[in-house]
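Chain by chain, the residues:
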Amino acid sequence: MIYDDMGTSQQGKKLKLKLTKKQGMQDSQVLQNLTESMFKQNLEPTKNPINQIELNNQLKRSRLDSFYESRIMDSDDFHQYTYRQANKSNEKQAYSVTQSQFFNDRITFGTVKNEDDNKLFLIPKQVSQFIEQFSEKNDDFIRHILFQKEKIEKDIEYLADEIMVILNQKRKQMLEQMDNILNRFSNNYQILQDKIQEFKAYFTQSQNLTYQIPINIQSLSFYCQDDLSEKVIKIKEEKCTIRQKLSDVDAEISKRAMIFMTEQFDEHIKHKPCYSENSTHQIFFQNLRGEIENMLIDKLQKMDDMFNQSKLYNFEKLIVLPKVETIISDQKQNAMGGDRDLQELEALKSIINQKLNSQKTRMNFSLGLGQGMKNLGLKLQGKYFCDSQVYCIVAINDDLIATGSKDGGLLIWKLSENKVINIIQTKQAITQLKVFKGIVSDFNLQTNIKASFLAGRIANKEEYYLMTGNQDIRIWDYKTGGLMRQIRGQKGMITCLFSLRDMHSIVSGNDQGHLTFWNAYSGLAMKKMTDHKDIIHSIAQSKEGRLITCSSDRQIIIYNLQYVTSQIYSRQVFGDCIREKILIDDSQIYTIQSSMIEENLLISGGSDSKIKIWNLKTGKNEEIVGHKCPIADIVMLENPLDIDTQKMFAMISVSTGDDVLRLSTSISPLNSGIYLEEKILNEFGATCRPLLQLIQDPIEKTLRLVVLSQDEQNKYFLVLKLL
């Protein structure tokens, strides 16, 4: 086995190390040899930034080339194809790539592997086999239908002389019934073919997505609309465990739908519709002749009972409904997903019909039908009193809450036990509080780089830490109370904090309008931006990774981030920040939230007491009013599978002076107040945050909202259940 690594010597020469793994040698010995070789040659991390966009483009091109060469393949064919491609790899130079993920930004080095990515967009083997065999099965099905029609012709002709007029009507009806079965059978096959083509086209479009969100699908429910009654009936519910990216949910559901269609075809072919196939039916026919004069119409109606067929569903009206788990962002201020079961189906008929119509031009089997945002309510679950005035609050996980107070106390609360489990004294007022996700071993790289170079590759344990801000930034181990790092060098008061997804970099804003990027482990400043001219109040990151800031200078600034591959940290980390766009508001902006679903959707609130919904692409916004005081903090609730994009999100906001929470949706220009018996005042909300956090009930799996009160008299925070 050959281990390769690239580095740059102090003289600027490119060096390539190759170590051969001998028989019996452990991986740890190979890594130790690699480490010693690098330090003997004084290797340093490369100074040349690797363009993240170019890396992603290379990855896309490689995936597309592999897909188009492979045609429609089943699973066995796919493995043979990838094996042949692997044999060609020694002809090409291997290169390192990175795949950004929403909740896990670990970097994978090595040659590009397309198997897992392309496998999602392969036609299921069960479907492809059925397509290959359909011609023969279809001919047999047609012959069977024609034979059944001949039997019907014979019996009807026997009675034709006496009851020609009425009988001809019945004959026409029964023949049409068989024709409809045949037409339905053929039409369903055509629909299956169309879905396959749409599936292949959808794969090409999906390659443009560079950033994905994983969700878990617990079950799939299959519904179809009855032709006669027009009622939507449930065919079956299929339990499953599927973990997939948000942008690929439709692809996964489409595959399940095509498998369902194939199974239905097999069922129809196995149990073909029959007419008068046994002796009982023949006796019934003889008795019918004697009764025909007196009970002609009534008895002819009963001939319908002579049909023996499995249910042949109309694939044009097929609905596959996923149920996904709720996802809460790392910042605990965005929640996405939830229960999407069909409830009160008749009342939702118009929405279902709209969805069915949309499927005629676009591959989309999924249908998101959650409860309306307008009916959202809150119920008090817990009230937690603090000894001193609290400025900010953050959720470490669904059970642990941290609060930062005026007297410098950093308290760790365990909600399930209703008590404080740790107190850390920081010796300065805590005005900013955030969670930092880092690597345990990386904190030691600065003091013992050679020893930990190997340790970082063997045990890269991820851990959550707390960041506090005031005159400086401090990173704390909330379990032990130990100070992991103190970061100095930013002048003025720190007014906002944010941790990037590389588990390496911290971004801070201050009261002078300076935006600084820090190495969390060394404490060194990597980049400083001075585009803002006043206090920076809030920092957010879009789903694709763009950094967004807002300020009292009435500007929203969007930055593109570039990452470089660090050989010290063995992953890609922050490398550079480039300003992309500036949006101008007519008031000071105190808080922003970026959507987890829509790249160009941003929510802001500020000194004019209005919530604004921004389109980052056009720079335009829509206003929602209702607050009487400046808006201090906002959380977003999003429904990624709702067919009505205008109703796919709602916001809960708190101001610096109102004693109520307010619920806002994009379909109403006025938000509604959520009145609580407990008083909520946040007069320092413009510069001390967070004030709102979203967590999940570990037992009921429902969303909960954590709300802070900064009031000196009412020193507590609330935990509210979302209804």
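Novice: How would you sum up the overall build of the chain? Please name residues and give values.
Specialist: When helices and strands are tallied, the chain shows 10 helices and 36 strands. Evaluated residue by residue, the chain yields a buried proportion of 54% over its 723 residues. By element, 47% of the accessible surface of the chain is carried by carbon and sulfur atoms, the whole surface being about 33,500 Å².

Novice: Before we move on, could you go through the packing of aromatic side chains and cite the residues and values that matter?
Specialist: Scanning the model with the defined rule gives 21 aromatic pairs in all. Seen in terms of ring centroids, Phe134 and Phe265 are 5.8 Å apart; in terms of plane orientation they differ by 70°. Their pairing is edge-to-face. Of this pair, Phe134 sits in helix α5 (residues 125-160) while Phe265 sits in helix α7 (residues 249-270), placing them 131 residues apart in sequence. For the residue pair Phe134 and Phe265, the accessibility class agrees, reading buried in each case. Considering the side-chain rings of Phe265 and Phe315, the 5.7 Å spacing of their centres and the 85° angle between planes classify their relative orientation as edge-to-face.

Novice: Go over the environment of Asp472, please, and point to the residues and values.
Specialist: Considering the arrangement of structural elements, one finds Asp472 in the loop between β15 (462-469) and β16 (473-476). Along the chain, Asp472 and Gly489 lie 17 residues apart, while their C-alpha atoms are 7.5 Å from each other. Those residues within four positions of Asp472 in sequence are excluded, and the remaining contacts are Gln428, Gln486, Ile487, Arg488 and Ile494.

Novice: How would you explain the sheet that holds strand β25 (residues 571-584) if you had to name every residue and give the values?
Specialist: Strand order across the open sheet formed by four strands is β22-β23-β24-β25, with antiparallel pairing between neighbours. Each of the sheet's edge strands pairs with one partner strand only, and the pair in question is β22 (536-541) and β25. Along the sheet, successive strands turn relative to each other by an average axial angle of 25°, direction set aside. Relative to β25, strand β24 (residues 555-566) is paired through 12 bridges, and the arrangement is antiparallel. Bridge pairing in β25 places Gln562 opposite Asp576.

Novice: Give a detailed account of the pairing of strand β29 (residues 621-624), specifying residues and quantitative values.
Specialist: Pairing of strand β28 (residues 611-615) with β29, which is carried by four bridges, proceeds in the antiparallel orientation. Counted as the bridge partner of Trp614 is Asn621 from β29. The antiparallel pairing of β28 with β29 creates a hairpin that spans five residues between the two strands, and Gly619 there sits at a positive phi of about 80°.

Novice: Go over the pairing of strand β23 (residues 547-551), please, and point to the residues and values.
Specialist: For β23, a buried count of five out of five residues is recorded, marking the element as mostly surrounded by other parts of the structure. Going residue by residue along β23, you find Leu547, Thr549 and Ser551 tucked away on one face and Ile548 and Cys550 tucked away on the opposite face as well. Pairing geometry for β22 and β23, over five bridges, is antiparallel. Across the sheet, residue Ile539 finds its bridge partner in β23, namely Thr549. With four bridges connecting them, β23 and β24 associate as antiparallel partners. Along β24, the bridge assignment pairs Thr549 with Ile557. Where β23 folds back on β24, the antiparallel hairpin that results is connected by three residues, among which Arg554 adopts a positive phi of roughly 70°.

Novice: How would you explain the environment of Lys610 if you had to name every residue and give the values?
Specialist: Mapping Lys610 onto the fold places it in the loop between β27 (601-606) and β28. With 16 residues separating them in the primary sequence, Lys610 and Gly626 have C-alpha atoms 7.2 Å apart. Ignoring sequence-local partners within four residues, the contact set of Lys610 consists of Ser604, Gly605, Glu623, Ile624, Val625 and Ile631. Polar contacts involving the side chain of Lys610 include one to the side chain of Glu623, which spans 3.1 Å.

Cut-off values and rules
Residues numbered from 1 in each chain as written. Predicted model: local features only at pLDDT ≥ 70, side-chain atom pairs only at ≥ 80, totals over all residues. Heavy atoms only, no water. Helix = DSSP H or I, 4+ residues; strand = E, 2+ residues; numbered from the N terminus. Buried < 20%, exposed > 50% of the residue type's maximum accessible area, 1.4 Å probe, protein only. Areas by Shrake-Rupley, 256 points an atom, 1.4 Å probe, with all protein chains shown as cover. Phe/Tyr/Trp six-rings, centres within 6.5 Å; stacked < 30°, edge-to-face > 60°. Contact = heavy atoms within 4.5 Å. Pairing = 2+ DSSP bridges. Axes fitted to C-alpha atoms, helices over the stretch in contact; angles between N-to-C directions. Polar contact = N/O pair within 3.5 Å; in protein donor to acceptor, adjacent residues only side chain to side chain.

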